[in-house]
Amino acid sequence: MISPKKILKRYLLRCVGSLFLISLATSTGFGVTIRCALDSDVGEGGRFSKALALEWAKKTGNTLEYISRPNDATATLQQFQQYWAAKSPDVDVYMIDVIWQGIANPHAVDLKKFYTEDEIKQFFPAIIQNNTVNGKLVSIPWFTDAGILYYRTDLLEKYGYKEPPKTWEELTEMAKKIQDGERKEGKKDFQGFVFQGKASESVTCNALEWIYSFGGGSIIEPDKKVTINNPNAIKALQTAKSWVGAISPPGVVTYSEEEARNVWQAGNAAFMRNWPYAYALGQAPKSVIAGKFDVTVLPMGGANGKHAACLGGWQLMVSAYSKAPDVAADLVKFLNSADEQKRRAIELSQFPVMPAIYSDPDVLAKNPWFAKIPDVLKNAVARPSTVTGADYNQLSTAFFQNVNKMLSGGQSPQDTVQQVEKVAKRLMR
Amino acid sequence: MAREIDLMERQRRLAWFLIVPAVIVVLLVIGYPLIQVLVYSVLKYKLDGVTPPSFVGLGNYLFILTDSDFWRAVAVTLIFTFFSVTLEAVLGLSVAMVANSKFKGRSILRVAILIPWAIPTVVSSKIWAWMFNDIYGVVNVLLTNLHLIPQKIAFLATPITAIPVIIAVDVWKTTPFMALLLLAGLGLIPSDLYEAAAIDGATAVKAFFSVTLPLVMPTLLVALIFRTLDALRVFDIFYVMVGGQGNMATMAIYNQQWLVSFLDAGIGSAASVIILIFIMIFVILYTRFSKTSFQ
Amino acid sequence: MKEEDTKTILLRVLFYLLVLVILVFNLFPFVYAVVSSFRPSSDLFSTDLFPKALTLDHYNQVFKDPRFVAGLINSIIVAGCTVLISLALGSLCAYALGRLPFRFKGPVLYLVLTMTMFPQISVLSGLFVMLKALNLFNSRQGLILTYLIFTLPFTIWVMTQYFRSLPRELEEAAYVDGAAPLEVFWKILLPLTVPGLVSTGLLAFIAAWNEFLFALTFTVTDTMKTVPVVISQFSGATSFEQPWGSIMAASMVVTVPLVILVMIFQYRIVAGLTAGAVKG
């Protein structure tokens, strides 16, 4: 029996609760209410997006509600899945990861309805191809990401190297020499090369880059053929395995992006593979390595290899359960227009998805290193998420668990590709 | 005589009044999710929004029970549960007894022992993962500076070192839970019993075994069953510290992987039911073992 | 005589040493986190043990954000109500299970226990659907309801145990005097179970305060989010960056109310059946 006292207390608390400030995020207007689930507005990126979205609302006379997503991508996917499973009209616009196209497909509106052929041509073709599932444009690219090589210009100079390495062999040699030299001088914690080896999507990206750069394909090709079990892929993995304990710390198998950056930014690494976000952080005023590094495209696997960069980035999609898809699409087009892309490039140093913007003088004035990026993006390799659809996570899990096991010394590269091939073939049946 | 029967009746009626609301809340909260899990577990149900669910009987169960990944997860979970619960019980009781004694500064101790439990798990796991990092981790820095190890160890890279570390962190975090419950349980022991024991010439050790342990046993058993159930469902600490490493998944991580990452509601739900059955087995064992009867 | 003195002194020293070890072991990571929260971001991952400089930047960032304060208030409301309801429902139910004649005590106790036998993730989508159906989605009441899943079972079990252990003489005396069962509960037995109430209350509060998964899934708007969800949304310019300085600072701030709560209530954790109750 719950006493009346308790009921009263609960009621009072409920009243107090509802007296709370309502949305700090609504801008009132007439028209339609659109809700978008985008980057958390606690961070700079989210703040920028939110301001932009509110601007749109004012301009078009609609009401906007901004929903912040959690920082972690898996938590975000989990949250979105609840909405999608319930076919909820509660959110109109979602920002989705580049690898969720297959998963999000059934819940998205075909954006070809709102973009003309010419408009679509303005975007990077590789990304548009990634976002198209069975002819349907699931989402439009918003900002993109690709894996790049960071290198210490001061150390390269010190040890007599004029240019960053072009092949993985060169990198291994340079990293070893620099590491030995620095350690002899007393920097016991210095590492040659740090990357992401953690058993998560992080190592999937890294390993895909190694394999693709040796000409080993991308696990499953867009035409559904499973190609992982080939000598080039095995060579790539063998090379990576040889780094652990030699030029990379044994703990690299637990490193995701931040752990690698932490070692690098404290000045304890000669080379790092990471996403572009680390550039601005490295150049921050209080950073130990500010002004002492630069970036370039990742090395090739031997003279016959190719430069590879794993494609990342986020896209915008309109919910199939939205009550006002046309208005939602209008918001998407606004957030994504060429002008906004340019602003985003200048203010947040995020990669625009339209090649034209990289030659814009204002953008280059703020971020001169963007000049190298179109080359990087030309070499972008997309993870086989579109071809595997809703099964992508299963493939990625099999891949990253086996690669991680190999890096820790638990199995050979041959066994690794065989295990992955088994799972891939099962999924493609 | 009549008054006694009357009293019994009033007590019986009151008992119903008091128990039924709690039972209703339980059924309300857990009823639908339980039914959903049971129903989905016999379906082939991919949450891709395209394939319609179909009936597969025990197919999902068979898949899981023949999956070596699942049994590995079971092994990891059981090892973790055994060591962490045992250590937490022993340490929890010791800490509770220290906090129960009268000495200067015991209030500070009582607050301090609760701090590990009070910090959010994801934060404290991350702090510990930091501290055990192979380059900048405090543990490695200290151990190498004190020349206790020749070079830094990547603790979280392999199961041999990672699982003891995770157990240690969990013991750090959860001993307060045990200690707090046991502290309350120790409070139930009348101090005159200790006085009587002292008069009879019993040593501190004897007093512990003949007075303390038997009287704190009921509370200890309750603390044990809850701690064991929690340990069998462990997720956060493994997820944060060793993430997706396949050889260190727990049953709950396995479950989440199928349900959320792989979008397979069928297998995910079947995994949930299997875990439930596992836990029920433990509960039954516990009932047999526990001397307390509830009838 | 002298030998005994030395022995006592030695024991006392050992005892205080033990206390010291317990304190250090429990507090070291906490101290480390506090120190980190004052370290500038660029210095967070250097291999030096002691920070070269201290800064209040992280704390400023945390407090500047109105969402964090809103989250704190939501957490207080949700955790507070969860505890009150669990203790109210739980102790009444426990009194009946521990003291009154009832035929199905065992089954009820085990039924209640089933609530804790599921991994949280298993019940997530079921609860999501249910909350939506009951129109409790994105509300504090809905969240409180789901939190009862983990606070109610152990409150009931621990308090049942507590009531069972109380000596019968007290009630019998009261019944002889003509008291009603509820009166006996309220005036005589409940006060004696205060240590149990405080312990389970504190543990329930902490569990609800730090709970993340349900809060993340069942709240959407900023007005409803609890503090763990707000912290999980701390990000930098991109979602790769994790602003550990701010996260540490926020976590320290979040722990403070808990510490205060414990400090206020810790005296009531150990009451014991000493003073007069039994003897009287």
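Residues numbered from 1 in each chain as written. Chains lettered and ligands numbered in written order. Predicted model: local features only at pLDDT ≥ 70, side-chain atom pairs only at ≥ 80, totals over all residues. Heavy atoms only, no water.

(A) Focus on the overall build of chain C. Assigned secondary structure in chain C consists of 12 helices and 0 strands. Tracing chain C from N to C terminus, the helices and strands come up as α-α-α-α-α-α-α-α-α-α-α-α. Scaling as 2.2 N^0.38, a compact globule of 280 residues should have a C-alpha radius of gyration of about 19 Å, whereas chain C reaches 24 Å, well beyond that. By the burial criterion, 63% of the 280 residues in chain C qualify as buried. On chain C, roughly 11100 Å² of surface is accessible, and the fraction owed to carbon and sulfur atoms is 69%. A gap of 5 Å separates the mean positions of the 18 positive and 15 negative side-chain charges of chain C. (Helix = DSSP H or I, 4+ residues; strand = E, 2+ residues; numbered from the N terminus. Rg over C-alpha atoms; globule rule 2.2 N^0.38 Å. Buried < 20%, exposed > 50% of the residue type's maximum accessible area, 1.4 Å probe, protein only. Areas by Shrake-Rupley, 256 points an atom, 1.4 Å probe, with all protein chains shown as cover. Lys, Arg positive; Asp, Glu negative; His and termini not counted. Charge placed at Lys NZ, Arg CZ, Asp CG, Glu CD.)

(B) Spatial organisation of a nonpolar patch on the surface. Together, Leu10, Leu11, Leu14, Leu17, Leu20, Val24 and Phe28 of chain C give the surface a local cluster of nonpolar side chains, amounting to about 680 Å² of exposed area. As for its placement among the helices and strands, Leu11 of chain C is situated in helix α1 (residues 2–37). (Patch = residues over 30% accessible without salt bridge, like charges linked within 9 Å, V, L, I, M, F, W, Y side chains within 5 Å. Salt bridge = Lys/Arg side-chain N within 4 Å of Asp/Glu carboxyl O.)

(C) Focus on the interface of chain B and chain A. Across the boundary between the two partners, chain B contributes 29 residues, which contact 30 residues of chain A. Here chain B and chain A share an interface that buries about 2500 Å² over both sides, 56% of which is from carbon and sulfur atoms. Three residues stand out in chain B for area buried against chain A, namely Ile135, Phe262 and Leu263 of chain B, and they jointly supply 20% of the buried area on that side. Between the two partners, chain B and chain A, sit 2 salt bridges. Seen at the junction of chain B and chain A, the total is 7 residue pairs in polar contact (both at pLDDT 80 or more). (Contact = heavy atoms within 4.5 Å. Buried area = accessible area lost by both parts, 1.4 Å probe. Polar contact = N/O pair within 3.5 Å; in protein donor to acceptor, adjacent residues only side chain to side chain.)

(D) Quick look at the interface of chain C and chain B. Contacts between the two partners involve 96 residues from chain C and, on the opposite side, 91 residues from chain B. Regarding the contact of chain C and chain B, the summed buried area is about 8900 Å², with carbon and sulfur atoms giving 80% of it. At the junction of chain C and chain B, the tally comes to 0 salt bridges. Run the count over chain C and chain B and you get 12 residue pairs in polar contact (both at pLDDT 80 or more). Looking at which element gives the most residues to the side of chain C that touches chain B, the answer is α1 of chain C, with 15 residues. Among the residues forming the side of chain C that touches chain B, the class breakdown is 72 nonpolar, 20 polar and 4 charged. (Nonpolar A, V, L, I, M, F, W, Y, C, P; charged D, E, K, R; others polar.)

(E) The arrangement of the side chain of Ser91 of chain C in detail. Position of Ser91 of chain C relative to the elements: it lies in helix α3 (residues 66–99). Not counting the four nearest positions on each side in its chain, Ser91 of chain C is found in contact with Ser86, Phe163, Phe185 and Leu197 of chain C.

(F) Inspection of the packing of helix α7 (residues 169–176) of chain C against helix α8 (residues 181–192) of chain C at higher detail. Residues and elements named next belong to chain C. The N-to-C vectors of α7 and α8 enclose an angle of 150 degrees; their axes lie 10 Å apart at closest approach. Regarding α7 and α8, the two cross each other, and that crossing is right-handed. When α7 is examined against α8, the residues Leu170, Glu171, Ala174 and Tyr175 are found in contact with a partner set consisting of Pro181, Val184, Ile188, Leu189 and Leu192. Among the residues making up the contact of α7 with α8, the classes are represented as 8 nonpolar, no polar and 1 charged. (Axes fitted to C-alpha atoms, helices over the stretch in contact; angles between N-to-C directions. Left-handed = near helix turned anticlockwise from the far one by under 90°.)

(G) Summary view of the environment of Val91 of chain A. Residues and elements named next belong to chain A. Here Val91 shows up in the loop between α3 (73–85) and β3 (93–97). Remark: the alpha-carbon pair of Val91 and Gln401, spanning 310 residues in sequence, is separated by 34 Å. Residues contacting Val91, with those up to four places away along its chain left out, are Arg35, Cys36, Ala37, Ile67, Tyr83 and Ser319.

(H) Representation of the nonpolar core within the structure. Of all hydrophobic cores here, the largest spans 330 residues; its most connected members are Trp84, Trp210, Phe271 and Leu407 of chain A together with Phe68 and Tyr95 of chain C. In terms of residue count, α3 of chain C provides more of this core than any other element does, 16 residues in total. Sequence-distant contacts of Trp84 of chain A, defined by excluding residues within four places in its chain, comprise Leu77, Tyr94, Ile96, Ile103, Ala104, His107, Met317 and Tyr321 of chain A. Residues Leu109, Leu183 and Leu220 of chain B together with Ile22 of chain C belong to the second largest nonpolar core, which totals 19 residues. (Core = buried A, V, L, I, M, F, W, Y, C linked by side-chain atoms within 4.5 Å.)

(I) Examining the domain arrangement of chain C more closely. All names here are of chain C. Each assigned domain of chain C is listed with its residue range as follows: domain 1 (3–37) and domain 2 (60–279). Using only C-alpha atoms to locate each centre, domain 1 and domain 2 end up separated by 31 Å. Counting residues at the interface gives 5 residues for domain 1 and 5 residues for domain 2. When domain 1 packs against domain 2, the two sides together hide about 370 Å² of surface, and 88% of this comes from carbon and sulfur. Looking at the side of domain 1 facing domain 2, the largest losses of area belong to Phe30, Ala33 and Ser37, adding up to 81% of the total buried there. The interface formed by domain 1 and domain 2 holds 0 salt bridges in total. Scanning the region where domain 1 abuts domain 2 turns up 0 residue pairs in polar contact (both at pLDDT 80 or more). (Domains from an automatic or database assignment.)

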